[in-house]
Amino acid sequence: MRIAVTGTNGIGKSTLISDMLETWASYETPSTSFRDDIDDKYITDVTEDRQRAILDSMVTQLKTYGKSDSVLYDRCPVDNMVYTLYGYAKEEGDITEEFVLECAAELKIALRMIDLILFIPITKQDNVNIEANLEDKGDLDLAYAKEIDHIFKSIYREWDKRGSPYVDFEDKPHVIEIFGTPEERLELMKMYIDTTGDAYGEGLIIKPDELEGLHHMDALLAEQEGLAEDAKLEL
């Protein structure tokens, strides 16, 4: 199964991947990533050239694995879309609406090469010090991490809607929200992945809206809607 872990900066993606690798020995992570193809790992001035290079690198990596492989990706083209939207909304780079639409179309195709997405949102149930995790990442701070988190949530709210600009309704990976402490996140994963590393039947998957505590704060959603309105882009 091909699994991608997504979420804002400092939320604990690498920790979850590390814990999963220890729990399910059949899984591996790619030896290289898009980070090897760009000079600046943590940059808020998003440009089309940079986002294109990242997307191309991610898609190339996805093509090296098939349905029979057991692989964990640290980020995926959804993340690239999020940061592209951020750059477009902030108007701090050269991101155009045409480029956003182009990336959205490519995202739909790329998602066919992913079987499951684990999304780690910012929630009240987390026990993760995001600010401490961001200390060595340049200009990134908690406010920035929250803005990115808002855009992730706006995309995933569109996931099961027909006509979403980001995902093919008929051919898309399932999305599971993972929350809580690192230990709780791993235990939650065991509800979806069996001891061999395979997913339990989809009929047994607990939907995010069936889990207590998995609700988004109204203030955060309102803030994201304002960001989208300012960007003149319907998320």
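Up top you'll find the structure we're talking about.
For clarity, every value in this text was computed on a predicted model and none was experimentally measured.

Caption draft 1: Molecular detail of the pattern of salt bridges. All told, the structure shown has 14 salt bridges when counted by the stated rule. The partner of D115 in a salt bridge is K67, with the nearest N and O atoms 3.6 Å apart. Highlighted residues: D115 in the loop between helix 4 (97-110) and strand 3 (116-120) and K67 in the loop between helix 2 (48-62) and strand 2 (71-74), separated in sequence by 48 residues. Across the salt bridge formed by D160 and K172, the nearest N and O atoms sit 3.8 Å from each other. One end of the pair, D160, is in the loop between helix 6 (142-157) and strand 4 (174-177); the other, K172, is in the loop between helix 6 and strand 4, with 12 residues separating them in the sequence. By relative accessible area, which is 58% here, D160 ends up exposed. Bridged by salt links that share partners, the residues R52, D56, E102 and E106 form one connected network.

Caption draft 2: Representation of the environment of V82 within the structure. Tracing the backbone shows V82 in helix 3 (residues 77-90). We classify V82 as buried; its relative accessible area is 0%. When the C-alpha positions of V82 and S154 are compared, they lie 9.5 Å apart, and in sequence the two are 72 residues distant. The contacts of V82, once residues within four sequence positions are left out, are I148, I151, F152 and I155.

Caption draft 3: Expanded view of the nonpolar core. Counting residues in hydrophobic clusters, the biggest one holds 64 residues, and the most contacted among them are I3, M20, V78, M81, I117, L118 and W159. If we skip the residues at most four places from it in the chain, M81 touches V100, C103, A104, L107, I155 and Y166.

Caption draft 4: Spotlight on the pairing of strand 1 (residues 2-7). Most of strand 1 is tucked away: 6 of the 6 residues are buried. With burial as the criterion, each face of strand 1 is covered, one bearing R2, A4 and T6 and the other bearing I3, V5 and G7. Pairing of strand 1 with strand 2, which is carried by 4 bridges, proceeds in the parallel orientation. Directly across from A4, in strand 2, lies its bridge partner Y73. Two elements, strand 1 and strand 3, share 5 bridges in a ladder whose sense is parallel. The residue bridging A4 from the neighbouring strand is I117, located in strand 3.

What counts and how
- Residues numbered from 1 in each chain as written.
- Predicted model: local features only at pLDDT ≥ 70, side-chain atom pairs only at ≥ 80, totals over all residues.
- Heavy atoms only, no water.
- Salt bridge = Lys/Arg side-chain N within 4 Å of Asp/Glu carboxyl O.
- Helix = DSSP H or I, 4+ residues; strand = E, 2+ residues; numbered from the N terminus.
- Buried < 20%, exposed > 50% of the residue type's maximum accessible area, 1.4 Å probe, protein only.
- Contact = heavy atoms within 4.5 Å.
- Core = buried A, V, L, I, M, F, W, Y, C linked by side-chain atoms within 4.5 Å.
- Pairing = 2+ DSSP bridges.

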